[in-house]
Amino acid sequence: MGEKVVLLGLGFWGSRWLKIILDSPRCELCGVAGSRKELDRAATEFGLCKEILYDDFRKAIRQSGANIAVVVLPGALHFEADCMALQQGMHVITEKPLAMSLEEVEKLLAVKKEHPGQKFMASQNYRWRPHNRTIKRTLESGMVGRVESVLIEFRRNEDLQGYRGGLACPILEDMSIHHFDLLRFFTRSDCEEVFCRTWRPSWSLYPGKPNAEAIFTIKNGIRAFYTATWAARGRETSWDGDITITGEKGCIRLDADNTVRFFEHCPTGAVLDTGIQPGVVLPHEAMKQTEMAYGLEQFLDCIEQNLTPETTLEDNVKSYVMVAKCLESAKRETPLNWG
């Protein structure tokens, strides 16, 4: 028998988590929480016995007997569920967001500090994709030399499912943390200053502001430029965005088809030369599992071998703070320093 897991939440991502947990020989599913309709669907599709089904996530935490909680509830419930699971003696994997405010984040950090023996992982699954691991490996190899700039461009059509339609700034409040976490992942450093602006194009289906632009100053001297729209018209990027990372020897480029290319710096000397460099396609890193499945396997290893997860609570707070600072900068229309 494997680690006993309770899954809290059965929406779109919760249903994906359910299959991952059931497919893992290292896990025993001992509780699932969701709405009655979601539970009936899951019971029929996966043959779950009614004894492990809960229509109240609080009861699932108290009564399931699990030692791992996977929190995939609506974002407004994450803080309560994370704290309750920790206080129940569980290890925790939580999807974003950690909480709904910096005040809640500080309280969550305090609760975690009271339970130092329990593992806590934020599921930043964009890190655990082959193309992003390839970028990370290439940067660490020194191929591009000393990195000084990063450009991330994100373009997607509106997605009004769930709570997104009611957000004041859906791009920052729901999506950008993935890109900000990748920025920290690639640069191996943290942000110290940001200037951000948000707006709403006239054609947007969102009543809020789905467009954002930000300039980040990273502690190791890197400048990062972020431009994002969740009301794109025409060309779209992948969910990771188009990413260009530039150093003294050239740049790495991630495109919408997840192809990673290295472009070596080869000056031609011709002022008006507009030839397009083909770049060198870099093979993706081989991974037995990706995304959430990779995260689950890593988390189980951390429990069994007493290791530290890659994306701890304390680490992920730094990505969360970037979102909060962007929102504040846009509201105040001024740059903000972390100091």
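Here, residues in each chain are numbered from 1, in the same order as that chain's written sequence. In keeping with the predicted nature of the model, local features appear solely for residues at pLDDT of at least 70, side-chain atom pairs appear and are counted solely at 80 or more, and the whole-chain, interface and lining totals rest on all residues. Side-chain numbers here rest on the full set of heavy atoms in the structure, without hydrogens or water.

Enquirer: A description of helix H9 (residues 313–332) should follow, citing residues and the corresponding values.
Expert: The helix and strand labels rest on DSSP assignments: H or I over at least four residues marks a helix, E over at least two residues marks a strand, and numbering proceeds from the N terminus. Expected helix span is computed as 1.5 Å times (number of residues minus one). In this model, H9 (20 residues) spans 28 Å end to end at C-alpha, consistent with the 28 Å of a helix rising 1.5 Å per residue. Of all 20 residues in H9, 14 are buried; the element is thus mostly enclosed. Count one or two residues on from H9 and you reach Glu333, which has phi positive near 55 degrees. Buried means the residue's accessible area, taken with a 1.4 Å probe over protein chains only, is under 20% of the maximum for its type, while exposed means over 50%, and partly exposed covers the values in between.

Enquirer: If you had to explain the environment of Leu48 to someone new, which residues and values would you point to?
Expert: Mapped onto the elements of the fold, Leu48 is located in the loop between helix H2 (36–46) and strand S3 (53–54). The sequence separation of Leu48 and Asn157 amounts to 109 residues, and the corresponding C-alpha distance is 36 Å.

Enquirer: Outline the sheet that holds strand S4 (residues 68–71), supporting the account with residue identities and numerical values.
Expert: Spatially, the six strands line up as an open sheet ordered S3-S2-S1-S4-S5-S6, and their pairing is parallel. Pairing within the sheet leaves two strands with one partner each, and these edge strands are S3 and strand S6 (120–122). By the convention used here, strands pair only if DSSP detects at least 2 bridges between them. Sheet topology note: the strand S5 (residues 91–94)/S6 ladder contains three bridges and is parallel. If you follow Ile93 over to S6, its bridge partner there is Met121. Across the sheet, helix H8 (residues 291–305) is in contact with strand S1 (3–8), strand S2 (27–33), S4, S5 and S6; its angle to S5 comes to roughly 165 degrees. Contacts are assigned to residue pairs with any non-hydrogen atoms lying within 4.5 Å of each other. Interaxial angle, 0 to 180 degrees, is taken between N-to-C directions of lines fitted to C-alpha atoms, where a helix line uses only the stretch in contact.

Read these as layout, nothing more, since geometry by itself doesn't imply function.
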